[in-house]
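# Structural description and commentary
Residue strings, one per chain:
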Amino acid sequence: EFCFAIDPNLLEEKQKEKERKQAEEEAPPPPPFDVELHKTAEDVSFGVRLDTMSHWHLGIVEVVDGLVSVYNNTAAEELKIKPGFYITGINGEKCTRDAILEAMRKVGPVTLRIAPAHIFEANLKRDGKVGLVLLVEPQSNSLLVSRVSLGCADDYNKTAKPMRQIKENDRIIEVNGVAEDVNKMLELTRQESPELRLKISRPSG
């Protein structure tokens, strides 16, 4: 007969890791904040590559040289504009995507409402169709949830906490450990597999 001893330190470490992860998942995301920028000419760039799939906000895919990077150079860490964040409004008002883009084209001061990402994981037990209508565009690094219909996503939502339910306009930023490659991510959602592990992002606030 063999007797295996379990290291109590290992068990303690695993328990602490589980508690840490649970605390991170339950912690509220950082609140939105406003950033005033001044566009001095029509050809001045904000320096952000944007995901425009949603009608209600813009996703920030990348920050390059421009007004935003200049602002970031002196901003406090918690107020920097980062990839994965969202632009949800202009000049103190929540606006549609088209209204935000129009305001960003104009010369002069503009105040952007920046929403950090609220990110959570959703594990779907695959039993028939997924029930997610997804959109993708070349400049994006995520899949946009256009609609949630009958399927395993809807089944997941029935037992998930409200803040962790999959909703219209959410973005899927990872599928079964694959991120950034939207074509591969989309392919994984269509493959027959017993489980779909999704990482979901949406604007905070």
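No experiment lies behind these values; they were computed from the predicted model shown. (Residues numbered from 1 in each chain as written. Predicted model: local features only at pLDDT ≥ 70, side-chain atom pairs only at ≥ 80, totals over all residues. Heavy atoms only, no water.)

### Some remarks on the overall build of the chain
Of the regular secondary structure elements, the chain holds five helices and twelve strands. Each of the three principal axes of the chain carries a C-alpha extent, and together these read 80 × 40 × 30 Å. Within the span of the chain, comprising 205 residues, buried residues form 41% of the whole. The long-range fraction of contacts in the chain, counting pairs at least 24 apart against all pairs at least 6 apart in sequence, stands at 65%. Averaging the locations of the 28 positively and 34 negatively charged side chains of the chain gives two centres separated by 4 Å. (Helix = DSSP H or I, 4+ residues; strand = E, 2+ residues; numbered from the N terminus. Buried < 20%, exposed > 50% of the residue type's maximum accessible area, 1.4 Å probe, protein only. Contact = heavy atoms within 4.5 Å. Lys, Arg positive; Asp, Glu negative; His and termini not counted. Charge placed at Lys NZ, Arg CZ, Asp CG, Glu CD.)

### Some points on the nonpolar core
With 24 residues, the main nonpolar core has L37, F46, L50, I87, M104, L112 and I114 as its most contacted residues. For this core, the elements supplying multiple residues, two or more each, are β1 (33–39), β2 (48–51), β3 (58–63), α2 (67–74), β4 (86–90), α3 (97–105) and β6 (108–115). Examining the composition of this core, we find that four residues originate from one element, α3, more than from any other. Sequence-distant contacts of L37, defined by excluding residues within four places in its chain, comprise F46, L67, V68, Y71, G108, P109, V110 and L112. (Core = buried A, V, L, I, M, F, W, Y, C linked by side-chain atoms within 4.5 Å.)

### A word on the confidence of the model for the chain
Low-pLDDT stretches of the model should not have their predicted coordinates read in fine detail. Looking at the chain, pLDDT values average 91 and 93% of them are 70 or higher. Element-level pLDDT for the chain is lowest in helix α1 (residues 8–26), with a mean of 69, against a maximum mean of 98 in strand β10 (residues 171–175). (pLDDT = per-residue confidence, 0-100.)

### Some remarks on the pattern of salt bridges
Throughout the structure, instances matching the rule amount to twelve salt bridges. Among the salt bridges present, the one from D51 reaches R171, with a minimum N-O distance of 2.9 Å. Taken together, the residues D51 in strand β2 and R171 in strand β10 connect sequence positions 120 residues apart. Judged by relative accessible area, which is 1%, D51 ranks as buried. Taking relative accessible area as the criterion, R171 reaches 3% and is therefore assigned buried. When the shortest N-O distance is used, the salt bridge between K158 and D155 registers 3.9 Å. Pair noted here: K158 and D155 are both in helix α4 (residues 152–159), with a separation of three residues, about one helical turn. (Salt bridge = Lys/Arg side-chain N within 4 Å of Asp/Glu carboxyl O.)

### Points about the side chain of S140
Mapping S140 onto the fold places it in the loop between β8 (132–135) and β9 (143–148). The exposure class of S140 is buried, given its relative accessible area of 6%. There is a polar contact of 3.0 Å between the side chain of S140 and the backbone nitrogen of S142. Every residue in contact with S140, bar those within four places of it in the chain, is listed here: D51, M53, V61 and V182. (Polar contact = N/O pair within 3.5 Å; in protein donor to acceptor, adjacent residues only side chain to side chain.)

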